[in-house]
Amino acid sequence: MKRIFNLSLCVLSAALLLAACGKQEPKTTAAAEPKVYLVGAEATFAPFEYQNEQKEIVGFDVDVMNAIADKAGFKIKFVNTPFEGIFNFLAQGDRDLLASAITITDERKQTVDFSEPYFEANQLIVVPKDSKVAKFADLKNMKVGVQSATTGDEIVQKELGKSNPNIKRLESATLVMKELEGGGVEAVVSDNGVIKNYIKNNPSEGFRFIADPEFPKEYYGIAVKKGNADLLAKVNQGLAAIKADGTYDKIYAKYFADTAK
Ligand code: ARG
């Protein structure tokens, strides 16, 4: 009796084994295409993200994001995306990530999740060299240009009043600087990296910048759709790895060699 039982057990397990083997996927010749994560960036924000002559999106954020993706083992593609409403692209699933010199703020944290900070920044005021402006409060009754929906926009709205017609809100930092060149505004408030890069590359415009101690420190983060913990963990893991092995410092030096960290 015992032997019969043992025997049938043996037959049963052999059958199960065979069934399991039979279930195995047949070996495919071509490997399945890996998922390519779409990264949104408003690409008129040099040196963080801008288009080169071939219309490719390049810059500090692109190098950082590529290095992170390499380390964490995923593929990415940058897609030019308007800044105003940029967070909706994550919610709707049209972008997987945003790397666009985005300042981490409490308000934004309500809608998206951010990686660990990857860059420290602050706002600066840009004015023509002969301007009388010395500090932020001096902009009170002036025409001021900002990129819509940015932290510069927020800060200026707070100081000048939300619906103050003196605030000129435009869709890109490039347009805002053009406005200053043309005299349509008397000052611009924007991120330090972008302002310094602009002044360096356009010395003939005769602009200078002012740092006001009133402006708080800002930290850029990479955003994912709220709750996308898997992708966020990969991004943070990659970011930690490129910080640890010197890759981040190399990228930083490539873009900001002449600026103190
Ligand atoms: N750091 C600022 C913010 O988060 C400006 C970012 C603008 N970025 C861009 N790629 N245009 O509001």
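Throughout, residues of each chain are indexed from 1 in the direction in which the sequence is written. Confidence filtering applies because this is a predicted model: local features only for residues at pLDDT of at least 70, side-chain atom pairs given and counted only at 80 or more, and all residues used for totals across whole chains, interfaces and linings. Only heavy atoms go into the side-chain values, all of them from the structure, while hydrogens and water stay out.

- You'll find the protein entered in an unreviewed UniProt entry as Bacterial extracellular solute-binding s, 3 family protein, with Collimonas pratensis given as the organism.
- UniProt's Subcellular location (unreviewed entry) comment on the protein is quoted here verbatim: "Cell envelope".
- Here the protein is described in UniProt, under the heading Sequence similarities (unreviewed entry), as follows: "Belongs to the bacterial solute-binding protein 3 family." UniProt positions are given in the numbering used here, feature names are shortened, and annotations may be inferred rather than shown by experiment.

1. Looking at the environment of Gly145
Phase 1 of the analysis: Numbering goes from the N terminus for both helices and strands, where a helix is a DSSP run of H or I of at least four residues and a strand is a run of E of at least two. Mapped onto the elements of the fold, Gly145 is located in strand E10 (residues 144–147).
Phase 2 of the analysis: Residue classification places Gly145 among the buried positions, given a relative accessible area of 1%.
Phase 3 of the analysis: Sequence separation between Gly145 and Ser190 is 45 residues, and the spatial gap between their C-alpha atoms is 8.8 Å.
Phase 4 of the analysis: Between two residues, a contact is recorded if the distance between any of their heavy atoms is within 4.5 Å. Not counting the four nearest positions on each side in its chain, Gly145 is found in contact with Lys168, Val176, Val185, Ala187, Val188 and Val189. Burial status follows relative accessibility: with a 1.4 Å probe on protein chains alone, a residue under 20% of its type maximum counts as buried, one over 50% as exposed, and anything between as partly exposed.

2. With respect to the site of the ligand
Phase 1 of the analysis: Summary of the distance rule: residues count as near a molecule or strand when at least one heavy atom falls within 4 Å of that molecule or strand. Inspection of the region around the ligand gives 14 residues, with Glu42, Ser100, Ala101, Arg108 and Asp191 positioned closest.
Phase 2 of the analysis: The term polar contact refers here to a pair of N or O atoms within 3.5 Å; inside protein, the definition further demands a hydrogen-donor-capable atom paired with an acceptor-capable atom, and it admits residues adjacent in sequence only when both atoms are side-chain atoms. Taking Ser100, its side chain carries an N or O atom lying 2.8 Å from a nitrogen atom of the ligand.
Phase 3 of the analysis: The side chain of Gln147 places a nitrogen or oxygen atom 3.2 Å from a nitrogen atom of the ligand.
Phase 4 of the analysis: Computed with the Shrake-Rupley method and a 1.4 Å probe, the accessible areas treat only the protein chains shown as cover for residues. Coverage of the ligand by the protein amounts to 100% of the 350 Å² it exposes when considered alone.
Phase 5 of the analysis: Just so you know the grouping, Ala, Val, Leu, Ile, Met, Phe, Trp, Tyr, Cys and Pro go in nonpolar, Asp, Glu, Lys and Arg go in charged, and all remaining residues, Gly too, go in polar. Among the residues forming the shell around the ligand, the class breakdown is five nonpolar, five polar and four charged.
Phase 6 of the analysis: Mapped onto the domain boundaries, the shell around the ligand takes at least three residues apiece from domain 1 (36–118 + 221–257) and domain 2 (121–217). Throughout, the edges of the domains are those of an automatic or database domain assignment.

3. Brief notes about the packing of aromatic side chains
Two measures describe an aromatic ring pair: the distance that separates the ring centres and the angle between the ring planes.
Phase 1 of the analysis: Aromatic contacts are taken between Phe, Tyr and Trp rings whose centres are within 6.5 Å, Trp giving its six-membered ring; a plane angle under 30 degrees counts as stacked, one over 60 as edge-to-face, and the others as tilted. Tallied over the entire structure, the rule returns 21 aromatic pairs.
Phase 2 of the analysis: Aromatic side chains Tyr37 and Phe74 sit 5.4 Å apart centroid to centroid with 90° between the ring planes, which places their arrangement in the edge-to-face category. Placement of Tyr37 in strand E1 (residues 36–41) and of Phe74 in the loop between helix H2 (60–72) and strand E5 (75–80) is noted, with a sequence separation of 37 residues between them.
Phase 3 of the analysis: Seen in terms of ring centroids, Phe45 and Phe48 are 6.3 Å apart; in terms of plane orientation they differ by 35°. Their pairing is tilted. Take Phe45 and Phe48: they sit in the same class, and that class is buried.

4. Things to note about the pattern of salt bridges
Phase 1 of the analysis: Just to be clear on terms, a salt bridge is a Lys or Arg side-chain nitrogen sitting within 4 Å of an Asp or Glu carboxyl oxygen. Counted by the stated rule, this structure contains nine salt bridges.
Phase 2 of the analysis: Across the pair Lys35 and Asp96 runs a salt bridge whose closest N-O atoms are separated by 3.9 Å. A residue pair is termed long-range when its members are at least 10 positions apart, and Lys35 in the loop between helix H1 (2–23) and E1 and Asp96 in the loop between helix H3 (86–91) and strand E6 (97–98) qualify at 61 residues.
Phase 3 of the analysis: In this structure, Lys71 and Asp245 form a salt bridge, with 2.5 Å as the shortest nitrogen-oxygen distance. Taken as a pair, Lys71 in helix H2 and Asp245 in the loop between helix H8 (229–244) and helix H9 (247–256) lie far apart in primary sequence, 174 residues in all.
Phase 4 of the analysis: The exposure class assigned to Lys71 is partly exposed, which follows from its relative accessible area of 40%.
Phase 5 of the analysis: Look at Asp245 and you get partly exposed, because its relative accessible area is 40%.

5. Overview of the nonpolar core
Phase 1 of the analysis: In terms of nonpolar packing, the biggest core is built from 39 residues, with Phe60, Met65, Phe74, Leu97 and Phe119 touching the most fellow members.
Phase 2 of the analysis: Counting residues per element, the ones that place at least two in this core are E1, H2, E5, strand E8 (119–121), H8 and H9.
Phase 3 of the analysis: By residue number, the principal contributor to this core is H2, which donates eight residues.
Phase 4 of the analysis: The two domains that each donate at least three residues to this core are domain 1 (36–118 + 221–257) and domain 2 (121–217).
Phase 5 of the analysis: Excluding its chain neighbours within four sequence positions, the residues that come into contact with Phe119 are Phe48, Phe60, Glu218, Tyr219, Tyr220, Tyr248, Tyr252 and Phe256. As used here, the term nonpolar core means buried Ala, Val, Leu, Ile, Met, Phe, Trp, Tyr and Cys residues forming a set that is joined through side-chain atoms within 4.5 Å.

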